[in-house]
Amino acid sequence: MAVNSFMVPLGTPAPDFHLTAIDGGSVSLSDLKGSPATLIIFLSNHCPYVKRIENGLGQLAADYGSRVSVVAICSNDHVRYPDDDATHLAEQARRAGFGFSYLLDDTQEVAKAYRAACTPDFFLYDADLRLAYRGEFDDARPSNDVPVTGASLRAAIDALLEGRPVEGPQNPSLGCGIKWKPGNEPA
């Protein structure tokens, strides 16, 4: 079932985190400071909404390079959804050309702190790590033939890199609901 992102209020500070990466290292929010734009993405491997855009997402991150700090976080219950374990996420990262860290949120506390609802769910922060954009990647969906361009997210990133506020409507992301561990669903 498709779920929309919660549309967290703009200006909200990025919640802190320290998570293990699929390669065994670790990444904290503090590791991402110093960039004019920081993109935190909640992803999964098995979701058709993610699969539809994953190559475009890898390309977007490559296009912006070091000008934007990017991390992906998988918060899905990998016991019930084994396609979202570290081994399968590493396969996805290779397949999609992800040149950014892919992190595991085994406790699902980071997803709760960010109010992530779906995969994909995008949170773009400014240089002060205040939320500047939350919404869709672009208009591509599994049910349409719209080209995957990342247009919505690219416009927001471009605005931050040019020192402008992100303008225009911010449409919620749409994707598979996060697969919460039994009894761990947000209130």
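Above: the structure in question.
Calculation notes
- Residues numbered from 1 in each chain as written.
- Predicted model: local features only at pLDDT ≥ 70, side-chain atom pairs only at ≥ 80, totals over all residues.
- Heavy atoms only, no water.
- Pairing = 2+ DSSP bridges.
- Helix = DSSP H or I, 4+ residues; strand = E, 2+ residues; numbered from the N terminus.
- Axes fitted to C-alpha atoms, helices over the stretch in contact; angles between N-to-C directions.
- Contact = heavy atoms within 4.5 Å.
- Buried < 20%, exposed > 50% of the residue type's maximum accessible area, 1.4 Å probe, protein only.

Caption draft 1: Quick look at the sheet that holds strand E2 (residues 18-21). Read across the sheet, seven strands follow the order E3-E2-E6-E5-E4-E8-E9 without closing on themselves; strand pairing throughout is mixed. The sheet terminates laterally at strand E3 (26-28) and strand E9 (131-135), the two strands that pair on one side only. The mean inter-strand angle of the sheet, taken between neighbouring strand axes irrespective of direction, is 30°. In terms of strand pairing, E2 meets E3 through three bridges, oriented antiparallel. Directly across from Leu19, in E3, lies its bridge partner Val27. Against the sheet, helix H2 (residues 86-96) engages strand E5 (69-74) and strand E6 (101-104), with an angle of about 160° to E6.

Caption draft 2: Spotlight on the environment of Met7. Residue position: Met7 is located in the loop between strand E1 (2-4) and E2. Looking at Met7, the relative accessible area reads 22%, which means it is partly exposed. If we skip the residues at most four places from it in the chain, Met7 touches Arg134, Gln170, Asn171 and Pro172.

Caption draft 3: Molecular detail of the sheet that holds E1. Here we have three strands laid out as an open sheet, ordered E1-E10-E7, and antiparallel in their pairing. Pairing within the sheet leaves two strands with one partner each, and these edge strands are E1 and strand E7 (118-119). Strand contacts of helix H1 (residues 48-64): E1, E7 and strand E10 (174-177), with the helix running at about 130° to E10, the strand carrying the most contacts.

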